[in-house]
Every structure is written in C-alpha cells, then in structure tokens.
Amino acid sequence: MIRCLAAWLAVLITASSAAAEALDSHREAAAELLVLIEIERNMSSMASIMTDSMIQSNPLMAPYRNVIAEWATRTMSWENFRERFISIYMESFSESELRELIAFYRTPTGRKSIEVQPYLMERGAAFGVEVASEHQDELRVMIEKRSKELEAVGSETR
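Residues numbered from 1 in each chain as written. Predicted model: local features only at pLDDT ≥ 70, side-chain atom pairs only at ≥ 80, totals over all residues. Heavy atoms only, no water.

Participant: How do you make sense of the pattern of salt bridges when you look at a structure like this?
Facilitator: Side chains that differ in sign of charge can pair as their charged atoms come close. Under the counting rule described, the total for this entry stands at 11 salt bridges. In this structure, Arg82 engages Glu83 in a salt bridge whose closest nitrogen and oxygen atoms are separated by 2.8 Å. Accessibility expressed as a relative area gives 35% for Arg82, which makes it partly exposed. Between Glu144 and Arg140 there is a salt bridge; the shortest N-O distance is 3.2 Å. (Salt bridge = Lys/Arg side-chain N within 4 Å of Asp/Glu carboxyl O. Buried < 20%, exposed > 50% of the residue type's maximum accessible area, 1.4 Å probe, protein only.)

So this is what it looks like as structure tokens:
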C-alpha cells in the first residue's frame, strides 16, 4: 500500500513538473513572438495615436495635449501590457502555432508585415472614421427615432 502510494505520488510530481515545463516553454514562445513582432514599439505608437484621437474627437482638449500624451505614454506602456499580451497569445495559440508564427516573422515577408503593420492599422482607423462620418446623418436619424420611442413609452407609464 505504501509503495503504491509512493509510486502514485512520484507520478503526480513528474506529471506536474512536466506540465510546468510545458507551460514555461509555451510562455517563452509567446514572449519571443511579442519581441519579434516589436509590440513594445507599437505600444509607443498607440499612445501617440490615442492622444491624437482624443484631441481630434474633442478639440477643447488641445491645450492639454502634453498632459494627455504623458498619461497615454505612462498607461500604454509595455510594462503595463506585457503579461496581459503573453496571456492572450498563450490563450489564442498553442506553443506549436507560436513557433510557426516566430518562423514566419523571421522571413523577409514576415519582417515586412511587421514594418507595414502600423501604417495598415492607421489607414484602417482612418477608413473607419471616414465611413462613420459618411453615415453620421443615418445615426442621428436612428437616435432621434429611438429617442421618440423612449419618450412615448415614458409618457405611457405616467
């Protein structure tokens, strides 16, 4: 009985040790990919884009650009996001998939995709603003319609 218990305990310890090593290896792959795709550099760009976006959406904030930029740079720092990004990548990709992505991003095409990614994201955001602006009147009409519906329901309950 004691030998059986000792053997079972040895199996559990070995299995948990192997699981921890696999988790560490998976985590290392996620961290390596994040370095390779230069996400830390992109975090700095995100802070700048966020500042510009906030001021564009509320021009009265323009005198506070430096304060907003300082805040965005501090809060959008790699240190604040590193562990979260590692977790997201580990949840989204197996270790094998992360290794495949690492291999891809080491190719010339992979390197180019990293270089053009900020431009693509900026252009995509600009398209979003453009399309939303083109359809702003539709949204206004829809909001007005819903507002009238809510007013009608409110007056019925009184």
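Participant: Quick question: what am I supposed to make of a nonpolar patch on the surface here?
Facilitator: Residues Val116, Tyr119 and Leu120 make up a contiguous nonpolar surface patch of about 280 Å² in total accessible area. You can see Leu120 is positioned in helix α6 (residues 108-134). (Patch = residues over 30% accessible without salt bridge, like charges linked within 9 Å, V, L, I, M, F, W, Y side chains within 5 Å. Areas by Shrake-Rupley, 256 points an atom, 1.4 Å probe, with all protein chains shown as cover. Helix = DSSP H or I, 4+ residues; strand = E, 2+ residues; numbered from the N terminus.)

Participant: In this structure, what is going on with the packing of helix α2 (residues 39-57) against helix α4 (residues 78-92)? I would like to understand it.
Facilitator: Pairs of packed helices are described in terms of their axes, by the angle between the two and the distance that separates them. Remark: α2 packs on α4, axes separated minimally by 10 Å, with the N-to-C direction vectors making an angle of 125°. The angle between α2 and α4 places the two elements in the oblique class. For the element pair α2 and α4, the recorded crossing hand is right-handed. Listed contacts from α4 to Ile39, Glu40 and Met43 of α2 are Trp78, Phe81 and Phe85. Residues that form the contact of α2 with α4 fall into these classes: five nonpolar, no polar and one charged. (Axes fitted to C-alpha atoms, helices over the stretch in contact; angles between N-to-C directions. Parallel < 35°, antiparallel > 145°, perpendicular 65-115°, else oblique. Left-handed = near helix turned anticlockwise from the far one by under 90°. Contact = heavy atoms within 4.5 Å. Nonpolar A, V, L, I, M, F, W, Y, C, P; charged D, E, K, R; others polar.)

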